[in-house]
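Tertiary structure, described
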Amino acid sequence: MMYKGLIQRNILDKRSSRVRAMAAALSPLEAFFIGAAAKSLATSVTFPLIRAKVLSMSRGRHDLGGDRRVNGTRNEGEINNNFATLDVISEVIRNEGFAGLYKGLGVQLSRSALAAAIMFTTQEQLDKVTAGTLRRLKDAAVGAARR
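Overview of the nonpolar core
- Of all hydrophobic cores here, the largest spans six residues; its members are A52, L55, V88, I89, V92 and L101.
- Going through the elements one at a time, α3 (28-61) and α4 (85-96) are the ones with two or more residues in this core.
- In terms of residue count, α4 provides more of this core than any other element does, three residues in total.

Printed below as a string of structure tokens:
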């Protein structure tokens, strides 16, 4: 959704108010950078929640939130649900500062932004090929119907 919004903005900026098909409007390089920018923005916004989830799950598995015992024996496979997402976020901010919420973001951005950029570039190129093929088929069908 963010990707399509960036595409629309890019098309309007480049072409003023002329209406053109999206598939024909973006070059592969534009699609690559718009896809990378959209994924980077989305990842930057959601990363603190993802990090909190991972920390919550790892703390539950390593029993940092308390000892869980079932019938006197330790239950290793059970995740401790005492660490709610907001509790983990507030604990990270308290212990590591606000920047602690974004620890590891660089690795995540480099991996996910590159993958999204390649995916969106490929999608745009496939859209162009598909639109061209459908246009040729339609023209052939209209030409055959006129004969």
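Things to note about α4
- End to end, α4 covers 16 Å across twelve residues, agreeing with the expected 16 Å (1.5 Å per residue, within 8%).
- V88, I89, E91 and V92 are the residues of α4 that are buried. Angular distribution of buried residues about the axis of α4 spans 165°; they occupy a single face of the element. Residues of α4 that are exposed and point over 90 degrees away from its buried face: L86 and R94.
- In the segment just after α4, G97 is the residue with positive phi, at about 85°.

So, the confidence of the model for the protein
- Looking at the protein, pLDDT values average 78 and 67% of them are 70 or higher.
- Here residues 17-23 is modelled with pLDDT under 50, and outside its nearest four sequence neighbours on either side it reaches nine contacts, counting other chains as well.
- Between residues 61-71, whose pLDDT stays under 50, and residues either more than four places distant or in other chains, the model counts 23 contacts.

Quick look at the packing of aromatic side chains
- Scanning the model with the defined rule gives two aromatic pairs in all.
- Judged by centre distance (5.5 Å) and plane angle (85°), the rings of F32 and F33 are edge-to-face.

Looking at helix α5 (residues 105-146)
- The first and last C-alpha atoms of α5 sit 60 Å apart over 42 residues, in line with the 62 Å expected at 1.5 Å per residue.
- Three or more residues of α5 are buried, namely L105, S112, A113, A116, A117, F120, T121, E124 and G132.

Quick word on the pattern of salt bridges
- The full count for this structure, using the stated rule, is two salt bridges.
- Where R51 meets E96, a salt bridge forms, and the shortest distance between an N and an O atom there is 3.7 Å. Placement of R51 in helix α3 and of E96 in helix α4 is noted, with a sequence separation of 45 residues between them.
- A relative accessible area of 14% means that R51 is categorised as buried.
- With relative accessibility at 35%, the residue E96 sits in the partly exposed group.

What counts, and at which threshold
- Residues numbered from 1 in each chain as written.
- Predicted model: local features only at pLDDT ≥ 70, side-chain atom pairs only at ≥ 80, totals over all residues.
- Heavy atoms only, no water.
- Core = buried A, V, L, I, M, F, W, Y, C linked by side-chain atoms within 4.5 Å.
- Buried < 20%, exposed > 50% of the residue type's maximum accessible area, 1.4 Å probe, protein only.
- Helix = DSSP H or I, 4+ residues; strand = E, 2+ residues; numbered from the N terminus.
- Expected span 1.5 Å × (residues − 1).
- Arc of directions from axis to C-beta.
- pLDDT = per-residue confidence, 0-100.
- Contact = heavy atoms within 4.5 Å.
- Phe/Tyr/Trp six-rings, centres within 6.5 Å; stacked < 30°, edge-to-face > 60°.
- Salt bridge = Lys/Arg side-chain N within 4 Å of Asp/Glu carboxyl O.

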